[in-house]
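Descriptive structure summary
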Amino acid sequence: VMSADPIYTEMIIEYSRNPSNFGKIDGPHIHRHDSNPLCGDSIDLYINIDENKVSDVKFDGKGCAICMACSSVMTEMIKGKSLEDVKKFEKDELLSELGLEHLIKTSPVRIKCALLSLKALKYGIYSYFAEKMNDVESAGNLKEEAANLY
């Protein structure tokens, strides 16, 4: 039963039922698919950039409550932010919004659900800089960060 597990708070359940920024963007500047086969989470992240800011962000797909909630919260947190800020976005910032910091130590399986959208974000921003803008320097360590999230 979901409610027997302390990590599923009211907020997570609410977000999983009514995710924020859920949907697709046609012809986005950034599109990244990622999945977590262990849990069956599969998401697509879409981002539009305007004047080096995230002008629009949406995600689409299916996942467990934690994956959906974290994806929702992440899109809320990065919308309107500069790419410089988004590049520095840390997993702790995302996890603490939903009280999930303890997952890092207690649940290696669940942490993948929680951080799937952030992994897609870091890879997506990396490829935006490296491939679209031909600016590997600005892409920084995002690829390594994404690979080492969990």
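Below or above, wherever it landed, is the structure these notes cover. This one's a predicted model, so the numbers in the text were calculated from it and none came from an experiment.

1. A short note on the pattern of salt bridges
Under the definition given, this model contains five salt bridges. The closest approach of N and O atoms between Lys24 and Asp60, which form a salt bridge, is 3.5 Å. Residue Lys24 is found in the loop between helix H1 (10-17) and strand S1 (30-36), and its partner Asp60 is found in strand S3 (residues 53-62); the two are separated by 36 residues along the sequence. Residue classification places Lys24 among the exposed positions, given a relative accessible area of 55%. Asp60 sits in the buried class, given a relative accessible area of 17%.

2. A word on the nonpolar core
Core analysis: the biggest nonpolar cluster contains 45 residues, and Ile47, Leu94 and Leu121 have the highest contact counts within it. Elements that contribute at least two residues to this core include exactly H1, strand S2 (41-50), S3, helix H2 (65-78), helix H3 (83-87), helix H4 (91-97) and helix H6 (108-132). A total of 13 residues in this core trace back to one element, the largest contributor, which is H6. In contact with Leu121, other than residues within four places in its own chain, are Leu45, Ile47, Met74, Ile78, Val86 and Phe89.

Definitions and cut-offs
- Residues numbered from 1 in each chain as written.
- Predicted model: local features only at pLDDT ≥ 70, side-chain atom pairs only at ≥ 80, totals over all residues.
- Heavy atoms only, no water.
- Salt bridge = Lys/Arg side-chain N within 4 Å of Asp/Glu carboxyl O.
- Helix = DSSP H or I, 4+ residues; strand = E, 2+ residues; numbered from the N terminus.
- Buried < 20%, exposed > 50% of the residue type's maximum accessible area, 1.4 Å probe, protein only.
- Core = buried A, V, L, I, M, F, W, Y, C linked by side-chain atoms within 4.5 Å.
- Contact = heavy atoms within 4.5 Å.

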